[in-house]
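Reading the structure
Next come the chains, spelled out residue by residue.
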Amino acid sequence: MSKISKPIIVGNWKATPKDLKTAITFVKALDSKLTKNKIKKNYLLAVPDIYINSLSEITKHGLIGAENLTGKEEGQTTGLNTPSMLTSVGASFIILGHSEVRKRGETNESIKEKLVITLSKNIKTILCVGEEKRDTSTDYLKFVEEELKECLDLSKKEDFKNLIIAYEPVWAIGGSSPATTSECFEMVIAIRRTLVEIIGIDNAKKVSILYGGTVTKENAKDFIIDASVDGLLIGRASQNVDDFYSIIKSCI
Ligand code: PGA
């Protein structure tokens, strides 16, 4: 996998676009804008599994990844794709624990099982964490701390070199109000502190922390500068070529 440009810009296409032809047109248009404007930076794009092969073959600036996977190796799991299936068709990274997947029944325990496999197979893995609501006490900090501790209760600390954390407050996803940069900064510090506890300071320093939740072309750079994140995880704005391009450009 080519080296990931910093800040790390990750799109999450979710269940879009409507067909492969549209997906290919999007990636070609985005890549040609980047080439034309001499922007060398790469982007990560998590897409429906069915598009991974075609997009990873045509993209010039992107690293194509998966939005989830089964925690099982090959076997009797109808309808699910394993890590080796996904990487064999061109997936360069995997997102785990997205709140929309958690809503369908994913737990910290099942995320942990998946993480054991992806990290041990050297697959770059973006683990999403985030509280459902903000309270006036500090319960939201404890909530995220617990998510991290339960998901990252792994024995082999050296596997963490492929770990990226995405802080995605659930209340900010898919809406119109992102977290403020100071709310985000507070959580970045709390996450880093928890990572130090779990994997030690040397490993913790190497983990990139992203922010996601109503990132737009207008606010993207503020998170990088004012909230000290290492990158962004972008839903809706990554589903529009011009908006996604503007975000990549603003974060060079
Ligand atoms: P949004 O989604 O940018 O549309 O809020 C973010 C996400 O779901 O990762």
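Below or above, wherever it landed, is the structure these notes cover. Since this is a predicted model, take the numbers as computed values, not measurements.

It is at 10 Å that the axes of helix α6 (residues 139–151) and helix α7 (residues 181–206) come closest, and there the two elements cross at 35 degrees. For the pair α6 and α7, the sense of crossing is right-handed. For the pair α6 and α7, the contacting residues are Y140, L141, V144, E145, L148 and K149 in the first and E186, M187, A190, I191, T194, E197 and I198 in the second. Each residue belonging to the contact of α6 with α7 can be placed in one class, and the counts come to eight nonpolar, one polar and four charged.

Below, the discussion takes up the pairing of strand β5 (residues 124–129). Taken residue by residue, a regular strand's side chains alternate between the two faces of the sheet. Of all six residues that make up β5, six are buried, and the element is covered over most of its length. Neither face of β5 is exposed, since K124, I126 and C128 on one face and T125, L127 and V129 on the opposite face are all buried. Inspection of the sheet shows strand β4 (residues 93–96) paired to β5 by four bridges, in the parallel sense. Of the residues in β5, the one forming a bridge with L96 is L127. Judged from the five bridges that link them, β5 and strand β6 (residues 163–167) form a sheet pairing that is parallel.

This next bit is on the pattern of salt bridges. In the structure shown here, the tally under the stated rule is 14 salt bridges. One salt bridge connects D243 with K217, and the closest N-O pair in it is separated by 3.4 Å. Of this pair, D243 sits in helix α9 (residues 241–250) while K217 sits in the loop between β7 (208–212) and α8 (220–226), placing them 26 residues apart in sequence. Bridged by salt links that share partners, the residues E131, R134 and E186 form one connected network.

Counting 67 residues, the largest nonpolar core has L127, L152, I165, I191, Y211 and L232 as the members making the most contacts within it. For this core, the leading source of residues is α7, giving nine residues. Not counting residues up to four positions away in its chain, the partners in contact with I191 are V129, V144, L148, I165, Y167 and I209.

Of all five residues in β7, five are buried, a share of seventy percent or more. Taking every second residue as pointing to the same face, both faces of β7 are buried, with S208, L210 and G212 on one and I209 and Y211 on the other. As judged from the four bridges shared by β6 and β7, these two strands associate in the parallel manner. Residue pairing in the sheet places Y167 in a bridge with Y211 of β7. This β-α-β element, β6 to α7 to β7, shows right-handed connectivity. With three bridges connecting them, β7 and strand β8 (residues 231–234) associate as parallel partners. Paired with L210 across the strands is G231, a residue of β8. Regarding the hand of the β-α-β motif, the stretch spanning β7, α8 and β8 is right-handed.

What counts, and at which threshold
- Residues numbered from 1 in each chain as written.
- Predicted model: local features only at pLDDT ≥ 70, side-chain atom pairs only at ≥ 80, totals over all residues.
- Heavy atoms only, no water.
- Axes fitted to C-alpha atoms, helices over the stretch in contact; angles between N-to-C directions.
- Helix = DSSP H or I, 4+ residues; strand = E, 2+ residues; numbered from the N terminus.
- Left-handed = near helix turned anticlockwise from the far one by under 90°.
- Contact = heavy atoms within 4.5 Å.
- Nonpolar A, V, L, I, M, F, W, Y, C, P; charged D, E, K, R; others polar.
- Buried < 20%, exposed > 50% of the residue type's maximum accessible area, 1.4 Å probe, protein only.
- Pairing = 2+ DSSP bridges.
- Salt bridge = Lys/Arg side-chain N within 4 Å of Asp/Glu carboxyl O.
- Core = buried A, V, L, I, M, F, W, Y, C linked by side-chain atoms within 4.5 Å.
- Right-handed = clockwise from strand over helix to strand, strands pointing away.

By themselves, these are just geometric observations and shouldn't be taken as functional.
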